[in-house]
Amino acid sequence: MANIITRRALMAGAGTGAGLLLSGCDKLIQNQSFRSLIYKEDEAHYQLQRGLSSHATLAPEYRRDQMSPVFRANGSINPGTPEYNGWVADKFESFRLKIYGLVNKPLNLSMAQIKSMPARTQITKHDCVEGWTAVGEWHGPTVGSLLKLADVQSKAKYIVFHCADHYHGAALPYYESIDMFDAFHPQTILAWAMNGSPVTVPHGAPLRLRAERHLGYKQAKYVIGMEAVESFAGIQGGHGGYWEDNVDYDWFAGI
Ligand SMILES: Nc1nc2c(c(=O)[nH]1)N[C@H]1C(S)=C(S)[C@@H](COP(=O)(O)O)O[C@H]1N2
Ligand SMILES: [Mo]
C-alpha cells in the first residue's frame, strides 16, 4: 500500500507551495458536485483510492540500485512533425511550454527558465497496461509550482496536457488530463531529465508528465501545453485523454 508521507516529502511539498495547496484541494475532492464530474466507470475506483489515500500518501520510491537497466520506450517514439524536428535541431532553444486557460498569468516558458526552477527527483515504477513495468529516475519542477507561477484560478478543476505527437498518425494530437488534486500532488512533476540526463526523444523530450499514482498512458510525453479547464467535455472526444476517447480506457487510471 501507499507510504505515509514523510517529513522530508512534506517539506519538499511546502518548498513549492504544494503542501499548502493540497489541503485546499482535499476539501474540493470531498465536495459532492466535484465528485459527480468524474466518469461513472471510474467512480468506484476514484472514491476508493481517494478514500484510502488522503493527500498524505505517496507512490513508492526506489533506490538507485533498483533502477531498471533498460527502460522501454512505448507509444509514440518521435513526433516527427516539422515543428518538432525544428526544436530537436536547435536543441529545444526555440521550444516554449505554454500554460494557459484558467490562469491569471498565461506563460510561455523556455527550457532554460524551466530548468532554473526548483526540481524534484524521484525513482518510481512505470506501469504500462500492455504488461510491462520499469523503474526510472525522473527530475523536474512540480506541476504545482508551474501552476502557482501561472496563478491558476480556483475555478480550474483539471489540467489538460497537450502533446506534440499524433499517435500512429491519428488526426488529433495525444493529450491527457488530471484533476487538481493530482496536479498539486508532490510527486506530479514535469520531467526534463530521466536517469540523470535530459529526457531523450523516445521518452518524450523535452518535457513529459510524471503523475506517479497513475498508469503509463497518463504519463504524457512531448508536453507542449498545460491548459487549466473547468471541464474537458469540449476537448477532442471529451473523455480527457487520447486512450479514453479512442478505446474507452479509464480516465482516472489509478495504481
Ligand atoms: N505524447 C504521448 N505520451 C505518451 C504516449 C504516447 O504515445 N504519446 N504513450 C503512453 C504510454 S501507453 C506509455 S506506457 C508511456 C511510455 O513512456 P516511455 O516511452 O517513456 O516508456 O508514455 C505514455 N505517454
Ligand atoms: Mo502504456
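Above this note sits the structure.
Residues numbered from 1 in each chain as written. Chains lettered and ligands numbered in written order. Predicted model: local features only at pLDDT ≥ 70, side-chain atom pairs only at ≥ 80, totals over all residues. Heavy atoms only, no water.

J.: An account of the environment of Lys 221 is needed here, citing residue identities and associated values.
T.: Along the polypeptide, Lys 221 turns up in the loop between strand S12 (208-211) and strand S13 (223-229). For Lys 221, a relative accessible area of 11% gives the class buried. Distance in space between the C-alpha atoms of Lys 221 and Cys 163 is 6.6 Å, their sequence separation being 58 residues. Not counting the four nearest positions on each side in its chain, Lys 221 is found in contact with Asn 74, Ser 76, Cys 163, Asp 165, Pro 202, His 203, Gly 204, Leu 207 and Arg 208. Within polar-contact distance, the side chain of Lys 221 engages the backbone oxygen of Pro 202 at 2.8 Å. (Helix = DSSP H or I, 4+ residues; strand = E, 2+ residues; numbered from the N terminus. Buried < 20%, exposed > 50% of the residue type's maximum accessible area, 1.4 Å probe, protein only. Contact = heavy atoms within 4.5 Å. Polar contact = N/O pair within 3.5 Å; in protein donor to acceptor, adjacent residues only side chain to side chain.)

J.: Go over the nonpolar core, please, and point to the residues and values.
T.: What tends to happen in soluble globular proteins is that the nonpolar side chains get buried as a cluster. By size, the foremost hydrophobic cluster in this structure holds 48 residues, and its most contacted members are Leu 97, Ile 99, Leu 147, Phe 161, Leu 190 and Met 226. In this structure, Trp 132, Ala 134, Ile 189 and Ala 191 belong to the second largest nonpolar core, which totals nine residues. (Core = buried A, V, L, I, M, F, W, Y, C linked by side-chain atoms within 4.5 Å.)

J.: Requested: an account of the side chain of His 126, with residues and values cited.
T.: Among the secondary structure elements, His 126 is positioned in strand S5 (residues 120-128). Exposure remark for His 126: the relative accessible area of 7% places this residue in the buried category. A distance of 3.0 Å separates the side chain of His 126 from the side chain of Arg 210, its partner in a polar contact. Among residues more than four places away in sequence, those in contact with His 126 are Phe 71, Trp 132, Thr 133, Ala 134, Arg 208, Arg 210, Gly 216 and Gln 219.

J.: Give a description of the sheet that holds S5 that names residues and reports values.
T.: An order of S5-S6-S10-S11 is seen for the four strands of this open sheet, with the pairing classed as antiparallel. Where the open sheet ends on each side, the last strands, each with one partner, are S5 and strand S11 (197-198). The pairing of strand S10 (residues 193-194) with S11 spans two bridges and is antiparallel. Directly across from Ala 193, in S11, lies its bridge partner Pro 198. (Pairing = 2+ DSSP bridges.)

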